[in-house]
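For reference, the chains in residue letters:
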There are 4 protein chains.
Amino acid sequence: MVIVIKTGTPEAAIRQLLAQLAAQNVKGGCVAGPNGILLPLVGDTWRLDPNMLQGLPYVQEVRRLTPAYHLASRAAHPANTVVAVGDAKIGEKFCMIAGPCAVESAPQMAAVAQSVKESGAQLLRGGAFKPRTSPYTFQGLEKAGLDLLVQAGRDAGLPVVTEITDISQLDLLADVDVLQVGARNMQNYTLLKALGQLRRPVLLKRGLSATVEEFLLAAEYLLSGGNEQVILCERGVRSGVSAARAALDVSAIPVLKRATHLPVLVDPSHAAGRSELVLPLALAAAAAGADGLMVEVHDRPACALSDGGQSLTCRQFRELSAAVTALLPYAWRPDTF
Amino acid sequence: MVIVIKTGTPEAAIRQLLAQLAAQNVKGGCVAGPNGILLPLVGDTWRLDPNMLQGLPYVQEVRRLTPAYHLASRAAHPANTVVAVGDAKIGEKFCMIAGPCAVESAPQMAAVAQSVKESGAQLLRGGAFKPRTSPYTFQGLEKAGLDLLVQAGRDAGLPVVTEITDISQLDLLADVDVLQVGARNMQNYTLLKALGQLRRPVLLKRGLSATVEEFLLAAEYLLSGGNEQVILCERGVRSGVSAARAALDVSAIPVLKRATHLPVLVDPSHAAGRSELVLPLALAAAAAGADGLMVEVHDRPACALSDGGQSLTCRQFRELSAAVTALLPYAWRPDTF
Amino acid sequence: MVIVIKTGTPEAAIRQLLAQLAAQNVKGGCVAGPNGILLPLVGDTWRLDPNMLQGLPYVQEVRRLTPAYHLASRAAHPANTVVAVGDAKIGEKFCMIAGPCAVESAPQMAAVAQSVKESGAQLLRGGAFKPRTSPYTFQGLEKAGLDLLVQAGRDAGLPVVTEITDISQLDLLADVDVLQVGARNMQNYTLLKALGQLRRPVLLKRGLSATVEEFLLAAEYLLSGGNEQVILCERGVRSGVSAARAALDVSAIPVLKRATHLPVLVDPSHAAGRSELVLPLALAAAAAGADGLMVEVHDRPACALSDGGQSLTCRQFRELSAAVTALLPYAWRPDTF
Amino acid sequence: MVIVIKTGTPEAAIRQLLAQLAAQNVKGGCVAGPNGILLPLVGDTWRLDPNMLQGLPYVQEVRRLTPAYHLASRAAHPANTVVAVGDAKIGEKFCMIAGPCAVESAPQMAAVAQSVKESGAQLLRGGAFKPRTSPYTFQGLEKAGLDLLVQAGRDAGLPVVTEITDISQLDLLADVDVLQVGARNMQNYTLLKALGQLRRPVLLKRGLSATVEEFLLAAEYLLSGGNEQVILCERGVRSGVSAARAALDVSAIPVLKRATHLPVLVDPSHAAGRSELVLPLALAAAAAGADGLMVEVHDRPACALSDGGQSLTCRQFRELSAAVTALLPYAWRPDTF
């Protein structure tokens, strides 16, 4: 961190500030120039709140040089975190999660679960509580949907992933293996704090306009509560000009792999917004070093109650799974230059 | 809405689609061209889910021409909605809401409440549950903070506004006059649905990367639950290049005033991110037709536990209030050209 | 500027780097922490190229704390630059520039010039070389258009502003009073260098995705060539979610007024993209401290060959001019808090 | 295209508009609804200027459904355009372009040219006219640099690519095989028109905030001048939140491959901004179906006068080339689902 102090600030004020910072395990220097005085700070700067420092009358500007997260950082935990769910070891072996956007019926879930398992998926996804932009579109089957999802997972021998949109749903979600926090809830800190108290895997999606640092600070809420089973999921950011619905931030994959020990999945379906873009985005994500994919698959996309336009058919997912598996040996690995 | 149908689609499929749409009170035409067939649709198109239509095998593209919100639209409710709280008639007379980012102590609240009232504020704000990007920064006093806020409001004769971050807080917030939904929770639909069941004013802030349509669809969740006391608040969007922390979208003010009957406030403090930008942004917002302002004020910004860098002093707020009041007669009104 | 040096870098390498920097009038300190070594730098850091420093093998990161422009900065030139053109003293008194997007005919130019002059405009604008997104839309009358513009200006007694899109046009533009560099050419450095050699006013528009620093560095190209008559013009940035065509970055006005001595105009027409948003944006810009406005006005927008949708009628401009003039005494001034 | 007409518009006006459009080979229908009248238009809508139509008094809104480019579209030219340069057949076989950001010296160019050729590059790049954000950083060797580049290419047997920043440089660039238009000049239409008159390959980079449609319209300027040898190059867009310097828009690759017949290269170096991200982005681009890569390579990045931080060493480029070549058989192809 660097604090820029206004010229003309009395030395005593600077000395007092440095003394206060020293008490928080932060060590600082001081270099004076014509346009201001620089205080470079090292140590536990992640504890400091720049907005609070910014309020001091003689402070001109505060800039972080190192991130504000700590437990999520690779420095604090050099080995990869591996989240084991069913046969999957997320963070160690490439993992495929597949299933419909929304749970709609028992036959749908049975058909999709059986098919994606045969195609190599290790977890089954399906939404029961759907956060929808318009109140007039399908909102999910809620409890009934959860029951269908859990049943389909059991029958197919696949652990299940579903989105939690409020802490009041926790009891209903008792039989769900992985709880997903959606992009719109990435900064729902009440929810994150509650999930941090659990000892169950949480899949955290990046917010639509979240920086990597904000993403890892959301993970930090989970980790600082004691829940170490955190899986990150990149799903595209809003750029205003991207060719697809969201700009899949492929560079976030290698950046995250170096910055953090947590596994990094990619959801190509939501970034694409259209089924024909899912395969190239999935291949790009795998090539750039993702630890796995989460893909929307529907047995009959034309009848889907939600996001039909971006769902793959079961056959398309089988092809995607084969194509990704073939590419994997040639993908980027963090130990390359 | 317009649906682009792939060339070569059998007429029968198109006729069937138009018949289904007719049942939802949507009327359509059909014009065929060399690169596709256009189905222009009029009527209750807000009921339709473009993503679902997009899943149909012969649909190439679906585009909305009119928004997906309905109750929030000016067409459905031509007169301004006026939300009466204390002496304020938000949507009818310009309204000022002021107070600290976070409630910190009884003396702080008493000093600020008294001062902002004298300066012309009609409501007192203060955060008790603070959504903070980092888990290591001040998270708010929670219940104790609410009590201090309510007490300070009573003593000063000002109704109070505070942020709700989860429906579990509703009981604690019984004495709060206006419930605020923060930018990060704009698409927390579980929260919005619960607040839609109340008959208490809700101040809804625009999400950091929300379009005007997504903003009004969030309001539609409140309205469709039956809660008509909805106040919108623009607070800047993320652009990546704006001069301040967020790009205050001033054009959203006249656009919203025409699109909806709901009052439109502006929060210059969060858009600015720095106290010296609050006044020019406040004046710009008033000039562009805002129905009021929500401003962060602290008796001693240098000691603020949260957002000290963007808080005005009580004296600065008095000057801002006077400057805005003087400018108001010359501000834009929706009935101008 | 701060350089973060990788841990384990030999002290000799750091000493050598600091010695090299000292030769460029940059003074540095050094503070070592567990995750890296910080070199805070003060002095003529605007001379340094962070990308070049970034290439050094032991450098982890380079961050600017002060801007890379120098001549454009308020620190280097505390008094306002005033550009005198005709009766206008841009930077001292509020200035209105008005006229059609594209010059189309002598009657059009005569009608608009006469009318906007009566309404208070001090300069006449009109495009002869039009940068258009599609090659199939009207590209401007080129030389014939320039002649019409200059003639209309002379007849009405108004200096003229027009866009230069290439240095090959310089001879043709001999009679033009102010040369405009459009948003798409803000980083056309060949053009900027050539205009820096002139001693004629240049109106430089901010690029659609340019930061304030990049904007002022474009101005620095003009200033460092010796041309001191530089006028800045904010015209909205791309955000992907703004309510209008571009997000008018109102905060850029006070930020620029503090960072630089150059005058800051605003073009509400291009930010708006629709005529009904031009007035509220103009009022917001004036309220936030702009030194003037540049507005598109057409005698018959329905017949405009370019940008008809955002042009005001002559009558609307008269109303806008009156409304802005009335508001001006209540606008923000840089000497306020 | 769809035009939304205001309710209450006389039928005669609509009939007249449709008649005018028919004269431009555009056929329209008409469907009336409660909130407006829709005119769906098919045919040569790429000829129409929506901004001009928007100026008509009874037009509420104009929306394109099909793009405004024509010659660049896959529909108008189903087969891939293949640009043959030296041994490269860009658009048919995967192509690698490599070389330093800026030409600096004969030994540098000789070393890099020899090395990248051995590693599999088919073209040599190097900048002589450098568009730099700050006037105080290295601006390129200009004519001397061109000579060094051409000589190094000849000696190594590699055709050369360099950036043209102004049409006045055309004579100097007579011996250059491929002329590059940089991201900042993507909408420099004077330059594009001049290059459209040539019969030499042009490599056009996507602007930092350009949509795919704007990108292809820039290409349309080249094509409509008669120059069919156009190569597109994606290099990342500005998002404000991307993990790297720019958000490499991988989805643009498959979208472009379907929308246009022109070859699509990717520049991972500028998107990355840091050398350690170049390899994963290169692999992602290849996996998503890019026709080739353009990579910055320097023999001694620590001494680079420009962009040292993102340049690969010759050895790193050899590893990248091998890794990309190995992955290519598993990359996405447009004929997949």
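Since the structure is predicted, the reported quantities are computational estimates derived from the model, not experimental observations.

What counts and what doesn't
- Residues numbered from 1 in each chain as written.
- Chains lettered and ligands numbered in written order.
- Predicted model: local features only at pLDDT ≥ 70, side-chain atom pairs only at ≥ 80, totals over all residues.
- Heavy atoms only, no water.
- Least-squares fit on C-alpha atoms with pLDDT ≥ 70 in both.
- Contact = heavy atoms within 4.5 Å.
- Salt bridge = Lys/Arg side-chain N within 4 Å of Asp/Glu carboxyl O.
- Helix = DSSP H or I, 4+ residues; strand = E, 2+ residues; numbered from the N terminus.
- Buried < 20%, exposed > 50% of the residue type's maximum accessible area, 1.4 Å probe, protein only.
- Core = buried A, V, L, I, M, F, W, Y, C linked by side-chain atoms within 4.5 Å.
- Axes fitted to C-alpha atoms, helices over the stretch in contact; angles between N-to-C directions.
- Left-handed = near helix turned anticlockwise from the far one by under 90°.
- Nonpolar A, V, L, I, M, F, W, Y, C, P; charged D, E, K, R; others polar.
- Buried area = accessible area lost by both parts, 1.4 Å probe.
- Polar contact = N/O pair within 3.5 Å; in protein donor to acceptor, adjacent residues only side chain to side chain.
- Domains from an automatic or database assignment.
- Expected span 1.5 Å × (residues − 1).
- Pairing = 2+ DSSP bridges.
- Parallel < 35°, antiparallel > 145°, perpendicular 65-115°, else oblique.
- Phe/Tyr/Trp six-rings, centres within 6.5 Å; stacked < 30°, edge-to-face > 60°.
- Disulfide = S-S within 2.5 Å.
- Lys, Arg positive; Asp, Glu negative; His and termini not counted.

**Considerations on the relation of the copies chain C and chain B**
Then, number 1: For the match of chain C to chain B, the screw axis carries a shift of 0.0 Å, the RMSD comes to 0.0 Å, and the turn is 180°. The transformation just described matches what one would write down for a two-fold rotation axis.
Then, number 2: Take the interface residues of chain C: 100% of them recur as interface residues in chain B, which is what a same-surface contact looks like.

**Remarks on the pattern of salt bridges**
Residue and element names in this part refer to chain B.
Then, number 1: Applying the stated criterion across every chain, the model contains 54 salt bridges over all chains.
Then, number 2: Residue Glu11 is joined to Arg15 by a salt bridge in which the shortest nitrogen-to-oxygen separation is 3.3 Å. One end of the pair, Glu11, and the other, Arg15, are both in helix α1 (residues 11-22), four residues apart, so they sit about a helical turn from each other. Assigned by exposure class, Glu11 and Arg15 land together as exposed.

**What to know about the nonpolar core**
Then, number 1: One finds Leu320(A) and Leu320(D) to be the most contacted residues of the largest nonpolar core, which totals 170 residues.
Then, number 2: Contact partners of Leu320(D), with chain neighbours within four places excluded, come to Phe337(A), Met96(D), Val278(D), Leu279(D), Ala282(D), Leu293(D), Val295(D) and Leu312(D).
Then, number 3: The next biggest cluster of nonpolar side chains, apart from the first, holds 168 residues, and it includes Ala152(B), Val324(B), Phe337(B) and Ala152(C).

**What about the packing of helix α3 (residues 106-118) of chain D against helix α4 (residues 143-156) of chain D?**
All names here are of chain D.
Then, number 1: Close contact between α3 and α4 brings their axes to 9 Å; oriented N to C, the two are set at 40°. The way α3 lies across α4 gives a crossing that is right-handed. Here α3 contributes Ala106, Met109, Ala110, Ala113, Gln114 and Lys117 to the contact with α4, which in turn contributes Leu148, Leu149, Ala152 and Ala156.
Then, number 2: Class assignment of the residues belonging to the contact of α3 with α4 gives a composition of eight nonpolar, one polar and one charged.

**Structural notes on the interface of chain C and chain B**
Then, number 1: Residue-level contacts link 41 residues of chain C with 42 residues of chain B.
Then, number 2: Where chain C abuts chain B, roughly 3,300 Å² becomes buried across the two surfaces, and 76% of that area is made up of carbon and sulfur atoms.
Then, number 3: Inspection of the region where chain C meets chain B yields zero salt bridges.
Then, number 4: Counting across the interface, chain C meets chain B through eight residue pairs in polar contact (both at pLDDT 80 or more).
Then, number 5: Taken together, the elements giving at least two residues each to the side of chain C that touches chain B come down to α7 (252-259), α9 (278-287) and α10 (314-327) of chain C.
Then, number 6: No other element matches α9(C), which puts six residues into the side of chain C that touches chain B.
Then, number 7: Considered class by class, the residues forming the side of chain C that touches chain B number 27 nonpolar, eight polar and six charged.

**Digging into the domain arrangement of chain A**
Then, number 1: Here the domain parsing of chain A yields domain 1 (2-63) and domain 2 (83-330).
Then, number 2: Averaged C-alpha coordinates put domain 1 of chain A and domain 2 of chain A at centres separated by 42 Å.

**So, the interface of chain A and chain B**
Then, number 1: Between chain A and chain B, the contact holds 50 residues from the first and 50 residues from the second.
Then, number 2: Three residues, Thr133(A), Tyr136(A) and Arg238(A), lead the burial of chain A against chain B; their summed loss comes to 15% of the area buried on that side.
Then, number 3: Where chain A packs against chain B, one counts four salt bridges.
Then, number 4: For Arg132(B), the salt bridge identified is with Asp49(A), shortest N-O distance 2.9 Å.
Then, number 5: Taken together, chain A and chain B are joined by 25 residue pairs in polar contact (both at pLDDT 80 or more).
Then, number 6: Where the side of chain A that touches chain B is concerned, the elements lending two or more residues are α2 (50-54), α5 (189-196) and α6 (212-224) of chain A.

**Structural notes on the environment of Gly8(C)**
All names here are of chain C.
Then, number 1: With respect to the helices and strands, the residue Gly8 is situated in the loop between β1 (2-5) and α1 (11-22).
Then, number 2: According to the relative accessible area criterion, Gly8 is exposed, its value standing at 72%.
Then, number 3: For Gly8 and Tyr58, which are 50 residues apart along the polypeptide, the C-alpha to C-alpha distance reads 8.8 Å.

**Looking at α4(D)**
Then, number 1: The end-to-end C-alpha separation of α4(D) is 20 Å, in line with the 20 Å expected for 14 residues at 1.5 Å each.
Then, number 2: Summarising the contacts, the buried residues of α4(D) are in contact with α3, β9 (123-125) and β10 (160-163) of chain D.

**Topic: the sheet that holds strand β11 (residues 178-181) of chain C**
Residues and elements named next belong to chain C.
Then, number 1: The strand order around the closed barrel built from eight strands is β8-β9-β10-β11-β12-β13-β14-β15, with neighbouring strands paired in parallel fashion. Each adjacent strand pair in this sheet contributes to an overall mean axis angle of 25°, direction not counted.
Then, number 2: Bridge analysis of strand β8 (residues 95-99) against strand β15 (residues 292-296) gives five bridges, and the strand direction is parallel. Residue pairing across strands places Ala98 opposite Val295, the latter belonging to β15.

**Concerning the sheet that holds strand β9 (residues 123-125) of chain B**
All names here are of chain B.
Then, number 1: Around the barrel, which closes on itself, the eight strands sit in the order β8-β9-β10-β11-β12-β13-β14-β15 with parallel pairing between neighbours. Here the strands of the sheet are splayed against their neighbours by 25° on average, with no regard to which way each runs.
Then, number 2: In the packing of helix α6 (residues 212-224) onto the sheet, contacts are made with β12 (202-205) and β13 (230-234), and the angle to β13 comes to roughly 160°.

**Considerations on the relation of the copies chain A and chain B**
Both copies of the chain are related by one operation, a rotation about an axis with a shift along it.
Then, number 1: Superposition of chain A onto chain B requires a rotation of 180° combined with a translation of 0.0 Å along the rotation axis, giving an RMSD of 0.0 Å.
Then, number 2: Here 100% of the interface residues in chain A have copies in chain B that are interface residues too; the copies meet face to matching face.

**Here we look at unusual backbone geometry**
Then, number 1: Here the phi dihedral of Asn25(A) falls at roughly 65°; this positive angle occurs in a residue that is not glycine.
Then, number 2: By the element assignment, Asn25(A) lies in the loop between α1 (11-22) and β2 (26-28).
Then, number 3: Positive phi, normally seen in glycine, also occurs at Glu142(B), with a value near 55°.
Then, number 4: Along the chain, Glu142(B) falls in the loop between β9 and α4 (143-156).
Then, number 5: Given the relative accessible area of 37%, Glu142(B) is considered partly exposed.

**Points about the packing of helix α9 (residues 278-287) of chain D against helix α10 (residues 314-327) of chain D**
All names here are of chain D.
Then, number 1: Relative orientation of the contacting elements α9 and α10 amounts to 25°, with a least axis distance of 10 Å. The angle between the axes of α9 and α10 places the two elements in the roughly parallel class. Relative to α10, the crossing made by α9 is right-handed. Facing Val278, Leu279, Ala282, Leu283, Ala286 and Ala287 of α9, the residues of α10 in contact are Leu320, Ala323, Val324 and Leu327.
Then, number 2: Of the residues contributing to the contact of α9 with α10, the split by class is ten nonpolar, no polar and no charged.

**Some remarks on the packing of aromatic side chains**
Then, number 1: Evaluation of the coordinates by the stated rule reveals ten aromatic pairs over all chains.
Then, number 2: Here Tyr136(A) and Trp46(B) contribute two aromatic rings whose centre-to-centre distance is 4.8 Å and whose plane-to-plane angle is 65°, an arrangement assigned as edge-to-face. A residue pair is termed interchain when its members come from two chains, as with Tyr136(A) in the loop between β9 (123-125) and α4 (143-156) and Trp46(B) in the loop between β4 (36-43) and α2 (50-54).
Then, number 3: We classify Trp46(B) as buried; its relative accessible area is 11%.

**Remarks on the state of the cysteines**
Residue and element names in this part refer to chain C.
Then, number 1: Throughout the structure, instances matching the rule amount to zero disulfides over all chains.
Then, number 2: Its sulfur unpaired, Cys101 is 13 Å from the next cysteine sulfur, which belongs to Cys233.
Then, number 3: Take Cys101: its relative accessible area is 2%, and that puts it in the buried class.
Then, number 4: Not engaged in a disulfide, the cysteine Cys303 finds its nearest cysteine sulfur in Cys314; these two sulfurs lie 13 Å apart.
Then, number 5: Of the residues examined, Cys303 reaches a relative accessible area of 41% and is grouped as partly exposed.

**Topic: the side chain of Glu163(D)**
Then, number 1: Mapped onto the elements, Glu163(D) comes out in strand β10.
Then, number 2: There is no salt bridge for the buried Glu163(D), and the closest opposite charge comes from Lys130(D), which lies 5.0 Å off by N-O distance.

**Here's the deal with the pairing of strand β15 (residues 292-296) of chain B**
Residue and element names in this part refer to chain B.
Then, number 1: Along β15, five of the five residues are buried, which leaves the element largely enclosed by surrounding structure.
Then, number 2: Side-chain alternation along β15 places Gly292, Met294 and Glu296 on one buried face and Leu293 and Val295 on a second face that is also buried.
Then, number 3: Where strand β14 (residues 264-266) meets β15, two bridges bridge the pair, whose relative direction is parallel. Across the sheet, Val266 pairs through a bridge with Leu293, a residue of β15.

**A word on the pairing of β4(B)**
All names here are of chain B.
Then, number 1: Of all eight residues in β4, seven are buried, a share of seventy percent or more.
Then, number 2: As judged from the four bridges shared by strand β1 (residues 2-5) and β4, these two strands associate in the antiparallel manner. What sits directly across from Ile3, in β4, is Leu39.
Then, number 3: Two elements, strand β2 (residues 26-28) and β4, share three bridges in a ladder whose sense is antiparallel. Along β4, the bridge assignment pairs Lys27 with Val42.
Then, number 4: In terms of strand pairing, strand β3 (residues 31-33) meets β4 through three bridges, oriented antiparallel.

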